[in-house]
Amino acid sequence: MPELQGQVAIVTGASRGIGKAIALGLAERGASVIINYQSNAQSAAEVVSAIEAAGGSAIAYAADVTVETEVAAMVEEVIGRWGRIDILVNNAGVTRDNLIHRLKDEQWEAVIEIDLTSAFVCCRAVLPWMQSRRYGRIVNVSSLAGLTGNVGQANYAAAKMGLIALTKALAREVATDGITVNAVAPGYIETDMLESVPAWLRTWALDVIPVGRFGRPEEVASAVIFLASPAASYIIGHTLVVDGGWVMP
Ligand code: NAP
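Each value, and the rule that gives it
Residues numbered from 1 in each chain as written. Predicted model: local features only at pLDDT ≥ 70, side-chain atom pairs only at ≥ 80, totals over all residues. Heavy atoms only, no water. Helix = DSSP H or I, 4+ residues; strand = E, 2+ residues; numbered from the N terminus. Buried < 20%, exposed > 50% of the residue type's maximum accessible area, 1.4 Å probe, protein only. Contact = heavy atoms within 4.5 Å. Areas by Shrake-Rupley, 256 points an atom, 1.4 Å probe, with all protein chains shown as cover. Lys, Arg positive; Asp, Glu negative; His and termini not counted. Charge placed at Lys NZ, Arg CZ, Asp CG, Glu CD. Pairing = 2+ DSSP bridges.

Visitor: With reference to specific residues and values, describe the overall build of the protein.
Guide: A count of helical and extended segments in the protein gives eight helices and seven strands. With respect to the principal axes defined by its C-alpha atoms, the protein has extents near 50 × 35 × 35 Å. With 249 residues in all, the protein has 51% of them scored as buried. Contacts spanning at least 24 positions in sequence make up 73% of the contacts within the protein whose residues lie at least 6 apart. Put simply, the protein shows about 11500 Å² of open surface, and 54% of that area lies on carbon and sulfur atoms. Side-chain charges in the protein split into 18 positive and 25 negative, and the spacing between the mean points of these groups amounts to 4 Å.

Pasting the structure below:
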């Protein structure tokens, strides 16, 4: 029997890129998956169709994960339909890059809200349901930028490092409730987000990444799916780096 059969997973930002790969992988292992997205309904519907065509179960749900009432409505829909939430993957994220002296308040605030505050909002909304069943897996999608910092990404690095701190603090809070909270920190992964990285930086990165290529969304998904599985029961507050060896100590 697939290892996640009967489980229910919410994946934020699952219409594209890494979130889509995570959703497809969770569904393949038997979970029913909520494909959260913000505006790209067509892409989200295609993810649902792909899951259903493979015999899985999924729904698309538009909710801005920075807005508490929209997240609450999404959780209510999931509970009304399935009565449980086993897995939350906080994956939705954006970049608004600029050198700090040019960084506008709205660029700072958007990234902190979407990449960090959203995870707090979603965790707080699902935790009572996980605690009531004494089981849960939360995986936060951080970034190498949150570990190393990046020129032009003060907002993004602060949000992604904040997400790692949130992961550790919450992991301690809920460790005795049967709930694990962990993070993954991807390097450069081939998605729409990578398009916004300047060409010179991508060329330089290919030289310094030991494996000599960018990662694929599925390669991040497999790390997330492991942390989201029952098998990862004794891994708490960890950040799993998925970067082709880029920053190995
Ligand atoms: P992507 O292809 O740009 O997709 C972003 C996803 O987030 C989309 O599904 C988008 O929905 C959703 N989203 C954005 N704002 C949202 C909001 N307010 N509410 C709900 N959903 C929202 O990004 P990606 O490259 O797959 O990145 C996924 C995660 O991995 C992000 O947290 C990113 O920071 C992290 N990451 C990426 C890389 C990389 O190289 N790609 C590296 C390290 C970390 P719509 O389709 O509706 O717009």
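Don't stop here, the text continues.
Visitor: Give a detailed account of the pairing of strand E5 (residues 136–141), specifying residues and quantitative values.
Guide: Among the six residues that make up E5, six are buried, leaving the element largely enclosed by the rest of the structure. Covered by surrounding structure in E5 are Gly136, Ile138 and Asn140 together with Arg137, Val139 and Val141, the residues of both alternating faces. Pairing analysis gives four bridges linking strand E4 (residues 87–90) to E5, with the strands arranged parallel. What sits directly across from leucine 88, in E5, is isoleucine 138. In terms of strand pairing, E5 meets strand E6 (residues 179–186) through six bridges, oriented parallel. Each bridged residue has a counterpart across the sheet, and for valine 139 the counterpart in E6 is asparagine 182.

Visitor: For helix H8 (residues 217–227), give the residues involved together with the corresponding values.
Guide: The complete set of buried residues in H8 reads Pro217, Val220, Ala221, Ala223, Val224, Ile225 and Leu227. Summarising the contacts, the buried residues of H8 are in contact with helix H1 (17–28), E4, E5, E6 and strand E7 (239–242).

Any functional reading would require information that these geometric values do not contain.
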